[in-house]
Amino acid sequence: MKEEIRTKLFENQDLNYRKFHSSLCPGIDNIIGVRVPIIRKLVKDILKEDYEVYLNEVDNKYYEETVIEGLIIATSKMSTSKKIEYLDFFVPKIDNWAVCDITCSSFKFKKEELPTIWKYIIKYQKSKNEFELRFMVVMMMDYFLLDEYIDEVLTIIDKIKVDYYYTNMAISWLISVAFVKYRDKTIKYLKNNNLSTFAYQKSLQKIIDSYRVSQKDKDMIRKMKKQ
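For every chain, the first residue of its written sequence is number 1, and the numbers climb from 1 along that sequence. For this predicted model, a pLDDT threshold of at least 70 governs which residues receive local features, and a threshold of 80 or more governs which side-chain atom pairs are given and counted, while totals over whole chains, interfaces and linings are taken from all residues. Values shown for side chains rest on all heavy atoms present in the structure; no hydrogens or waters enter the calculation.

Visitor: How would you sum up the confidence of the model for the protein? Please name residues and give values.
Guide: Scored from 0 to 100, pLDDT records how confident the predictor is in each individual residue. Residues at a pLDDT of 70 or more form 100% of the protein, whose mean pLDDT is 94. Mean pLDDT per element in the protein: helix 4 (residues 51-57) is the minimum at 89, and helix 9 (residues 130-143) is the maximum at 98. The helix count covers DSSP runs of H or I at least four residues long, the strand count covers runs of E at least two residues long, and both are numbered beginning at the N terminus.

Visitor: Tell me what's going on with the environment of Ser-127, and back it up with residues and numbers.
Guide: Among the secondary structure elements, Ser-127 is positioned in the loop between helix 8 (114-121) and helix 9. As a C-alpha pair, Ser-127 and Ile-28 span 99 residues in sequence and 22 Å in three-dimensional space. Two residues form a contact once any of their heavy atoms are found within 4.5 Å. In contact with Ser-127, other than residues within four places in its own chain, are Glu-132 and Leu-133. Pairs of N or O atoms within 3.5 Å make up the polar contacts considered here, provided that, within protein, one atom can donate a hydrogen while the other can accept it, and that residues adjacent in sequence are counted only when both atoms are side-chain atoms. At 2.6 Å, the side chain of Ser-127 forms a polar contact with the side chain of Glu-132.

Visitor: Which residues make up the nonpolar core, and what values do they have?
Guide: Formed by 83 residues in total, the largest nonpolar core has its most connected members in Ile-121, Phe-135 and Met-140. Per element, the largest residue contribution to this core is ten residues, and it comes from helix 9. Look past the residues within four positions of Met-140 in its chain and what remains in contact with it is Trp-118, Ile-121, Leu-145, Val-153, Ile-156, Ile-157 and Leu-174. Side-chain atoms within 4.5 Å link the members of a nonpolar core, which is a set of buried Ala, Val, Leu, Ile, Met, Phe, Trp, Tyr and Cys residues. Only protein chains enter the accessibility calculation, which uses a 1.4 Å probe. A residue is then buried if its area is under 20% of the maximum for its type, exposed if over 50%, and partly exposed in between.

Visitor: Could you give me a rundown of the packing of aromatic side chains, with the residues and numbers involved?
Guide: Working definition: rings of Phe, Tyr and Trp (its six-membered ring) pair if their centres are within 6.5 Å, and the pair is stacked with planes under 30 degrees apart, edge-to-face with planes over 60 apart, and tilted otherwise. Under the criterion given, the structure shown has twelve aromatic pairs. With centroids separated by 5.0 Å and ring planes inclined at 15 degrees, the aromatic side chains of Phe-107 and Phe-109 adopt a geometry described as stacked. Overall, the relative accessible area of 4% leaves Phe-107 in the buried class. Ring pairing ties together the aromatic residues Phe-131, Tyr-165, Tyr-166 and Phe-198, which thus form one cluster.

Visitor: Describe the pattern of salt bridges, with residues and values.
Guide: Side chains that carry opposite charge are capable of pairing whenever their charged atoms lie near each other. By definition, a salt bridge exists where a carboxyl oxygen of Asp or Glu is found within 4 Å of a side-chain nitrogen of Lys or Arg. The full count for this structure, using the stated rule, is 18 salt bridges. Residue Asp-59 is joined to Lys-2 by a salt bridge in which the shortest nitrogen-to-oxygen separation is 3.4 Å. Of the two residues, Asp-59 is situated in the loop between helix 4 and helix 5 (63-75) and Lys-2 in helix 1 (residues 2-11); the sequence distance between them amounts to 57 residues. Here Lys-2 falls in the buried class, since its relative accessible area comes to 18%. Each member of the salt-bridge network shares a partner with another, and the members are Lys-2, Glu-3, Arg-6, Asp-59 and Glu-65.

Quick look at the structure:
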């Protein structure tokens, strides 16, 4: 199945898109150049068959194959415990923001599954790997900015002490979304936090750039920037 899917990827190669997407993923030189809607269609076809065969065969030679692996895990009907088993092998393979974010945004969890997923993702807070940390942060942003988790989310991100660009950008993204959902709580956090200067400043800028934030609040946030 692996070779069959690889052939289909090259049949759908768009060299202009490869050039564009490669510019967005510095250091990633194994991009074929297949647009995400086409990749998602291939994943739907794989899911109609024995998709675990593909998961067990894939060798991640190409960027798109890693995206497919992540999307199969995220969108298949396998149990939560099975998803976690596969994530244990998949997450360490993430080496760029695109694979991370496409995968994270594609899950659909039932409410009763959230405690198990939460327990799983927060183990990555101890990681020193840039994209394992980003995976955790983006998953928290996508699924756990909820009443019962928001305090823990803010506590965890406040303890992340790394200089990784893509981790800190994810943190600032999360904070900007948290501001929209939990304005007062996020303001209180921003007034007393242990974020790096970079993450703090980027968080404020993302809030200012958000179309979901009032002009009054944007003006307030600008005054919180460090000079």
